[in-house]
Amino acid sequence: MSPAPASRGPVSRRTRVLRVLGVTPWVRRATAEAQTAEPNEALAEPMAPPASCVVLLPDGCVARELDLLGRALAAYGPGLARAGRITVRDGRPTATVPPVRAYLVFGQAQAHALGRELPAAVMNQAQIVLADEPHEVLANGAGKRRLWTALRQLRRALAGGA
């Protein structure tokens, strides 16, 4: 963003009032491509880079468990904080599990669901890190220590493949 240039044509009443109040009006910079593109093309989402990690959680996690997991993932950087989260219900993932470099799986049931969902070649190349189920992580300090150990192992696996 940049301040609104003075040479942009007639100044609107809103801009004049904001300047009198001491507020600098800002406008979004536009590239030459965006200005000449079709309206639908300008609104199109940019291609997101492929994910490097996916988190598999049991269905029905309470807010307190999800908050703890979100904070723990955020502590290890934006790569893990933005990792895709897929819940597992009745032994099946609720969404398609994409092939990525690493999987963080919370609980044996989710690990079995991942094994049934992914082809053997993808599982052979991926790093699969198993952690306790979220309610077990909250239950005691040993569960939290195992979660931090799993996150360190996951971070090392992701850094080694970069």
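In case you missed it, the structure is sitting above this.
Here the structure is a predicted model, which means the values were calculated and not measured.

Some words on the packing of aromatic side chains
- Per the stated rule, a full pass over the model turns up one aromatic pair.
- Each ring, one from Tyr-76 and one from Trp-148, has its centre 5.5 Å from the other, and the planes form 40°; the classification is tilted. Here the residue Tyr-76 occupies a position in the loop between helix H4 (63-75) and helix H5 (78-81), and Trp-148 occupies one in helix H9 (residues 141-161), the gap between them amounting to 72 residues.
- On the basis of relative accessible area, Tyr-76 is assigned to the buried category, the value being 15%.

Comments concerning helix H6 (residues 108-117)
- Of all the positions in H6, only Gln-110, Ala-113 and Leu-114 are classed as buried. Take H6 and look down its axis: the buried residues cluster within an arc of 100°, on one side only.
- On its buried side, H6 packs onto strand E3 (53-58), strand E4 (84-89), strand E5 (92-93), strand E6 (102-106), helix H7 (120-125) and strand E7 (127-131).

Topic: the nonpolar core
- With 21 residues, the main nonpolar core has Val-55, Leu-80, Leu-104, Phe-106, Leu-147, Leu-151 and Leu-154 as its most contacted residues.
- Counting residues per element, the ones that place at least two in this core are E3, H4, E6, E7 and H9.
- When residues of this core are assigned to their parent elements, the largest contribution, five residues, is made by H9.
- What Leu-151 contacts, discounting residues up to four positions off in sequence, is Ala-72, Leu-73, Tyr-76, Leu-80 and Leu-104.

With respect to the pattern of salt bridges
- All told, the structure shown has four salt bridges when counted by the stated rule.
- The closest approach of N and O atoms between Arg-89 and Asp-59, which form a salt bridge, is 2.8 Å. Placement of the pair is Arg-89 in strand E4 and Asp-59 in the loop between E3 and H4, with a sequence separation of 30 residues.
- According to the relative accessible area criterion, Arg-89 is partly exposed, its value standing at 45%.

Concerning the pairing of E6
- E6 sits mainly inside the fold: five of its five residues count as buried.
- Residues Ala-102, Leu-104 and Phe-106 line one face of E6 and the alternating positions Tyr-103 and Val-105 line the opposite face, and both faces are buried.
- As paired elements, E3 and E6 share four bridges and run parallel to each other. Paired with Leu-56 across the two strands is Val-105, which belongs to E6.
- Bridging between E6 and E7 involves five bridges; their strand directions are parallel. Across the sheet, Val-105 pairs through a bridge with Leu-130, a residue of E7.

So, a nonpolar patch on the surface
- A surface patch of nonpolar side chains, amounting to about 260 Å² of accessible area, comprises Val-17, Leu-21 and Val-23.
- Accessibility expressed as a relative area gives 63% for Leu-21, which makes it exposed.

Considering the sheet that holds E7
- The sheet built from five strands is open, its strands ordered E5-E4-E3-E6-E7 with mixed pairing. At either margin of the open sheet sits one strand with a lone partner, and together these are E5 and E7.
- Most of the contacts of H4 go to E3, to which it runs at about 165°, and overall it touches E3, E4 and E6.
- In this fold H6 packs onto E3, E4, E5, E6 and E7, with an angle of close to 140° to the strand it touches most, E6.

Scoring rules and cut-offs
Residues numbered from 1 in each chain as written. Predicted model: local features only at pLDDT ≥ 70, side-chain atom pairs only at ≥ 80, totals over all residues. Heavy atoms only, no water. Phe/Tyr/Trp six-rings, centres within 6.5 Å; stacked < 30°, edge-to-face > 60°. Helix = DSSP H or I, 4+ residues; strand = E, 2+ residues; numbered from the N terminus. Buried < 20%, exposed > 50% of the residue type's maximum accessible area, 1.4 Å probe, protein only. Arc of directions from axis to C-beta. Contact = heavy atoms within 4.5 Å. Core = buried A, V, L, I, M, F, W, Y, C linked by side-chain atoms within 4.5 Å. Salt bridge = Lys/Arg side-chain N within 4 Å of Asp/Glu carboxyl O. Pairing = 2+ DSSP bridges. Patch = residues over 30% accessible without salt bridge, like charges linked within 9 Å, V, L, I, M, F, W, Y side chains within 5 Å. Areas by Shrake-Rupley, 256 points an atom, 1.4 Å probe, with all protein chains shown as cover. Axes fitted to C-alpha atoms, helices over the stretch in contact; angles between N-to-C directions.

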